[in-house]
Amino acid sequence: MRPRPDRDAEPHLLAEEDFLREVHSFDFWFEAVSGYLEEQPFGHDPDLVETPMDDVARDSLITTLCNYCVGETAALEASSGLVRLAPNHHSRVFLATQVVDEARHLEVFMRRLEDLGVEDPEAEIDRRANQGLEDFRSRLLELVDRGDWDAAVFAQNVLLESMEDTVFRFHEQSADEITRQVLVGVVADERRHLGFGENDLGRRLAHDPSGRRRLAEVRAELDPLVLGSFEGVYRDLGIARQDQPELGRHYLDAVERLGLTA
Amino acid sequence: MNETTLDTAESSIVTSSADAAPRRTFELDDTGFKEVPKRWRKFYRHWQGAGDELAPNEVICPVCKVVIRSHREFRPGDRVYCMPCMSRLVVVERPDGRLEADVLY
């Protein structure tokens, strides 16, 4: 059995193969999430008291959380399908951890909806779901069903995860304390997901640059669905346009690094 | 984070053609970053946004925006790993002299 790195070793000294073995391992995931989720059942300190909220603010938050649930459902369904398509065992193990992360996100957002007085979260999500996000979910699952690893990883781990990361971070700044703590834990998970997607695609495109043109076409089709959906989230949060962070900047930086701007 | 005396035993940690002067070394404290297993936590910290000045042994991961840290001052050409997002990076010097990290696929 290969030894794990020394406890005091600098991570930057690891051989590349050892680094990938370490970060894609179930153990790494378990120790990482234990660090920030321990003693936070359903993603937040259980002793927190609900911040008073007027009806309008509560209703907007419910709509926002319903659409977060749509995104997380898409990611849960797609990442579980991607386990079968993964090109190697490192990726399979990593995707299994992502499936658990996405399931947790869906659960904590649904619990939050219940906290806010929603009696039937599933029905409420169906009622308030943004159509663009639902369309994106359908297209993502089509890519998975078709066995198109590159396109599905791009759509899920680069496009969807980048947008969620930007919106969740921004929402953290104005959210009530319970919602904020839930979002902080979700964002910590998203870092792994978007990093996996960009690095996996980057490696594959470096070996097969011809894949860029096809992914650029997928991007052109899916970008408007996700961008439009998350602009809707900003509206639901009551954030004036001039105060909104540039929604696509983080995502476009990744697209540029991957050479998918054509 | 405390600056310490140069540890020449570490001089082979990361190779760089620009290694002309001795590098400073640093002791790293745990800053409360919990997104990686305990033994790796001191090598990362949350970036606090504009105004958060980076030390000579720190660079920002362009993928996930976490600050990556090392026991040693960074130099162009150094390889670094961002464990929170699993990225492999190389330290580069921008025209204005700033050190940043580029992703290596």
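Computed from a prediction, not measured in an experiment: that's the story for all the values here.

A. Structural view of the packing of helix H4 (residues 89–115) of chain A against helix H7 (residues 149–174) of chain A. Residue and element names in this part refer to chain A. Running from N to C, H4 and H7 point in directions that differ by 40°, and their axes come no closer than 14 Å. Taken together, the axis directions place H4 and H7 in an arrangement best described as oblique. Our pair here, H4 against H7, has a crossing hand that is left-handed. The residues of H7 that touch H4, namely those facing Ser 91, Leu 95, Gln 98, Glu 102 and Phe 109, are Trp 149, Gln 156, Asn 157, Glu 161 and Phe 168.

B. Spotlight on the layout of surface pockets. In this structure, the largest pocket spans a volume of roughly 710 Å³. The wall of the largest pocket is formed by 22 residues, among which A:Asp165, A:Arg169, A:Gln173, B:Trp47 and B:Lys65 lie closest to the centre. Looking at the lining of the largest pocket, the element that brings in the most residues is H7(A), giving six residues. Residue classes in the lining of the largest pocket are distributed as seven nonpolar, six polar and nine charged.

C. Spatial organisation of the sheet that holds strand E8 (residues 99–104) of chain B. Residue and element names in this part refer to chain B. Strand order across the open sheet formed by three strands is E6-E7-E8, with antiparallel pairing between neighbours. Each edge of the open sheet carries a strand with a single partner, namely strand E6 (79–82) and E8. Going across the sheet, the axis of each strand differs from the next one's by a mean of 40°, ignoring polarity. Of the pairings in the sheet, the one linking E6 to strand E7 (residues 87–93) comprises four bridges and is antiparallel in character. The partner of Tyr 81 across the bridge, within E7, is Arg 88.

D. Representation of empty space enclosed by the protein within the structure. Applying the stated rule across the entire model yields one cavity of 30 Å³ or more. Roughly 40 Å³ of internal volume is contained in the largest cavity. Around the largest cavity sit A:Asn157, A:Val158, A:Ser162, A:Leu194, A:Glu198, A:His250, A:Ala254, A:Arg257 and B:Val63, which together line it. Elements represented by at least two residues in the lining of the largest cavity include exactly H7, helix H8 (177–207) and helix H10 (249–257) of chain A. Partitioned by chemical class, the residues of the lining of the largest cavity number four nonpolar, three polar and two charged.

E. Seen up close, the interface of chain A and chain B. With 38 residues of chain A at the interface, the matching set in chain B holds 35 residues. Summing both sides of the interface, chain A and chain B together bury roughly 3300 Å²; the carbon and sulfur share of this comes to 56%. Inspection of the chain A/chain B interface yields four salt bridges. Where chain A touches chain B, the interface holds 18 residue pairs in polar contact (both at pLDDT 80 or more). Counting residues per element, the ones that place at least two in the side of chain A that touches chain B are helix H1 (16–23), helix H2 (26–37), H8 and H10 of chain A. Broken down by class, the residue content of the side of chain A that touches chain B amounts to 17 nonpolar, seven polar and 14 charged.

F. Representation of the nonpolar core in the model. Ranked by internal contacts, the top residues of the largest apolar core, which has 93 residues, are A:Phe109, A:Phe154, B:Tyr44 and B:Met83. Here this core gets 13 residues from one element, more than from any other, and that element is H7(A). Excluding residues within four positions of it along the chain, B:Met83 makes contact with A:Pro11, A:Leu14, A:Phe19, A:Glu22, A:Val23, A:Phe28, B:Val36, B:Trp40 and B:Tyr44. By size, the runner-up hydrophobic cluster in this structure holds five residues, among which are A:Val33, A:Tyr36, A:Leu37 and A:Ala188.

G. Here's a closer look at the side chain of A:Arg139. Residues and elements named next belong to chain A. Within the element layout of this structure, Arg 139 appears in helix H6 (residues 131–145). A residue is classified by how much of its surface remains accessible, and Arg 139, at 17% relative accessible area, is buried. Polar side-chain contacts of Arg 139 include one of 2.6 Å to the side chain of Glu 142.

H. Region of interest: the side chain of B:Arg23. As for its placement among the helices and strands, B:Arg23 is situated in the loop between strand E1 (2–4) and strand E2 (25–27). A polar side-chain atom of B:Arg23 sits 2.7 Å from a polar atom in the side chain of B:Asp78.

I. H10(A), seen in detail. All names here are of chain A. For H10, the set of buried residues is His 250, Tyr 251, Ala 254 and Val 255. Angular distribution of buried residues about the axis of H10 spans 140°; they occupy a single face of the element. Seen from the buried face of H10, the exposed residues on the opposite side, beyond 90 degrees, are Arg 249 and Glu 256. Packing partners of the buried residues in H10 comprise H7, H8 and helix H9 (211–236). One or two steps after H10, the chain reaches Gly 259, where phi turns positive at roughly 75°.

J. Here's a closer look at the sheet that holds strand E4 (residues 58–60) of chain B. Residue and element names in this part refer to chain B. Taken in spatial order, the three strands of this open sheet run E3-E5-E4, and their pairing is antiparallel. The open sheet has two edge strands with one neighbour each: strand E3 (44–46) and E4. For this sheet the average axis-to-axis angle between neighbouring strands, irrespective of direction, equals 30°. Looking at chain direction, E4 and strand E5 (residues 66–69) are connected through three bridges and run antiparallel. Each residue of the ladder has a partner; that of Glu 58, found in E5, is Arg 69.

Scoring rules and cut-offs
Residues numbered from 1 in each chain as written. Chains lettered and ligands numbered in written order. Predicted model: local features only at pLDDT ≥ 70, side-chain atom pairs only at ≥ 80, totals over all residues. Heavy atoms only, no water. Axes fitted to C-alpha atoms, helices over the stretch in contact; angles between N-to-C directions. Helix = DSSP H or I, 4+ residues; strand = E, 2+ residues; numbered from the N terminus. Parallel < 35°, antiparallel > 145°, perpendicular 65-115°, else oblique. Left-handed = near helix turned anticlockwise from the far one by under 90°. Contact = heavy atoms within 4.5 Å. 1 Å grid on protein atoms, 1.4 Å probe; cavity = no way out; pocket = protein on both sides within 12 Å on 5 of 7 lines; lining within 4 Å. Points joined across faces, edges and corners; volume = space filled by probe spheres on them. Nonpolar A, V, L, I, M, F, W, Y, C, P; charged D, E, K, R; others polar. Pairing = 2+ DSSP bridges. Buried area = accessible area lost by both parts, 1.4 Å probe. Salt bridge = Lys/Arg side-chain N within 4 Å of Asp/Glu carboxyl O. Polar contact = N/O pair within 3.5 Å; in protein donor to acceptor, adjacent residues only side chain to side chain. Core = buried A, V, L, I, M, F, W, Y, C linked by side-chain atoms within 4.5 Å. Buried < 20%, exposed > 50% of the residue type's maximum accessible area, 1.4 Å probe, protein only. Arc of directions from axis to C-beta.

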